[in-house]
Amino acid sequence: MPGILVVDDEREIADLVRLYLQNEGFSVRTASTAAEALAAIRAQAPDLAVLDVMLPDMDGFALCRQIRAEHLFPIIMLTARVEDIDKITGLTLGADDYITKPFNPLELVARVKGQLRRYIRYNAAAPHGAPTQTEEHEVRGLYLSRTAHKCTLYGKEVALTPLEFSILWYLCDRQGQVVSSEELFEAVWGEKYMDSNNTVMSHIARLREKLGEAPRRPKFIKTVWGVGYTIE
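Quick caveat: nothing in here was measured; it's all calculated off a predicted structure. (Residues numbered from 1 in each chain as written. Predicted model: local features only at pLDDT ≥ 70, side-chain atom pairs only at ≥ 80, totals over all residues. Heavy atoms only, no water.)

Turning to a nonpolar patch on the surface, a few remarks are in order. A surface patch of nonpolar side chains, amounting to about 350 Å² of accessible area, comprises L16, L19, Y20 and L106. No other element matches helix 1 (residues 11-23), which puts three residues into the nonpolar patch. With respect to the helices, strands and loops of the structure, L16 is situated in helix 1. Judged by relative accessible area, which is 37%, L16 ranks as partly exposed. (Patch = residues over 30% accessible without salt bridge, like charges linked within 9 Å, V, L, I, M, F, W, Y side chains within 5 Å. Areas by Shrake-Rupley, 256 points an atom, 1.4 Å probe, with all protein chains shown as cover. Salt bridge = Lys/Arg side-chain N within 4 Å of Asp/Glu carboxyl O. Helix = DSSP H or I, 4+ residues; strand = E, 2+ residues; numbered from the N terminus. Buried < 20%, exposed > 50% of the residue type's maximum accessible area, 1.4 Å probe, protein only.)

Topologically, R111 is positioned in helix 5 (residues 105-121). Separated by 3.1 Å, the side chain of R111 and the backbone oxygen of Y98 make a polar contact. Excluding anything up to four places from it in sequence, R111 contacts I76, D97, Y98, I99 and E191. (Polar contact = N/O pair within 3.5 Å; in protein donor to acceptor, adjacent residues only side chain to side chain. Contact = heavy atoms within 4.5 Å.)

Below, the discussion takes up helix 8 (residues 199-210). For helix 8, built from twelve residues, the straight-helix expectation of 16 Å at 1.5 Å per residue is met to within 8% by its first-to-last C-alpha distance of 17 Å. T199, V200, S202, H203, I204, R206, L207 and R208 are the residues of helix 8 that are buried. Note on helix 8: the residue one or two positions beyond its end, G212, has a positive phi of about 70 degrees. (Expected span 1.5 Å × (residues − 1).)

What follows covers helix 3 (residues 60-68). Summarising burial for helix 3: seven of the nine residues are buried, a large majority. Among the residues of helix 3, G60, F61, A62, L63, C64, I67 and R68 are the ones counted as buried.

To continue, consider the packing of aromatic side chains. Per the stated rule, a full pass over the model turns up two aromatic pairs. Pairing F165 with W169 gives two aromatic rings, centres 6.2 Å apart and planes at 10 degrees, and the pair type is stacked. Placement of both F165 and W169 in helix 6 (residues 162-173) is noted, with a separation of four residues, approximately one turn of the helix. Like W169, F165 is buried. Ring centres of F185 and W189 lie 5.0 Å apart, and the angle between their planes is 15 degrees; on these two criteria the pair is classed as stacked. Residue F185 shares its accessibility class with W189, and that shared class is buried. Here the guanidinium or amino end of R174 rests over the ring plane of Y170, the centre of that ring lying 3.6 Å away. (Phe/Tyr/Trp six-rings, centres within 6.5 Å; stacked < 30°, edge-to-face > 60°. Lys NZ or Arg CZ within 6 Å of the ring centre and 35° of its normal.)

Put into structure tokens, the structure is as follows:
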């Protein structure tokens with residue numbers, strides 16, 4: 001039974017989310033502060049966390065950053081903020097998805113299920129169900145192994161979330177081709193791409209940061225303006 005940690009200081013929201021998730025067979029723990037959340041994670045890491053941005057002792061962005069320093073399980077941010085910069089901030093810090101308040105609990109349940117499917121199966125098959133001919137990729141010192149769930153750069157391991165690994169694998173699997181944001185999103189996330197969606201851009205920025213890429217002169221993930229991304 002997958003375990004979900006719900007972190008929200010609004011008890012009514014936390015209880016509502018817990019009820020809907022429990023009805024779907026999930027084991028749910030709740031926390032109302034960042035300190036409680038970190039203690040719960042130390043006691044037993046969940047399979048997925050739902051984090052509110054506005055917490056009394058630490059904002060959800062900082063909590064996300066602390067979690068990502070040690071854990072790779074999916075994180076969904078809950079935010080009352082609608083500005084794109086807040087959404088991008090969460091994704092850049094390592095969140096996998098975000099939902100703005102007020103939200104439909106059924107949508108949240110669907111997002112949780114989608115993230116868990118990717119987390120559990122991202123290494124079992126190529127993105128979007130496409131067959132692959134290799135279990136490894138090596139590009140100028142960047143090495144990916146699907147069987148070992150591992151990414152290294154010049155021999156040093158790079159900690160990637162399942163989504164980040166899937167994005168990088170998809171690009172490496174199509175080395176030399178230009179992949180549009182739409183194709184990348186629909187292949188990796190398995191959802192319909194929206195023109196205003198900044199999710200791909202945010203995760204590419206995060207990947208470049210982890211790979212030590214210079215923003216204006218990236219060595220690995222290159223932007224083809226107006227078209228998409230490529231690994232040459």
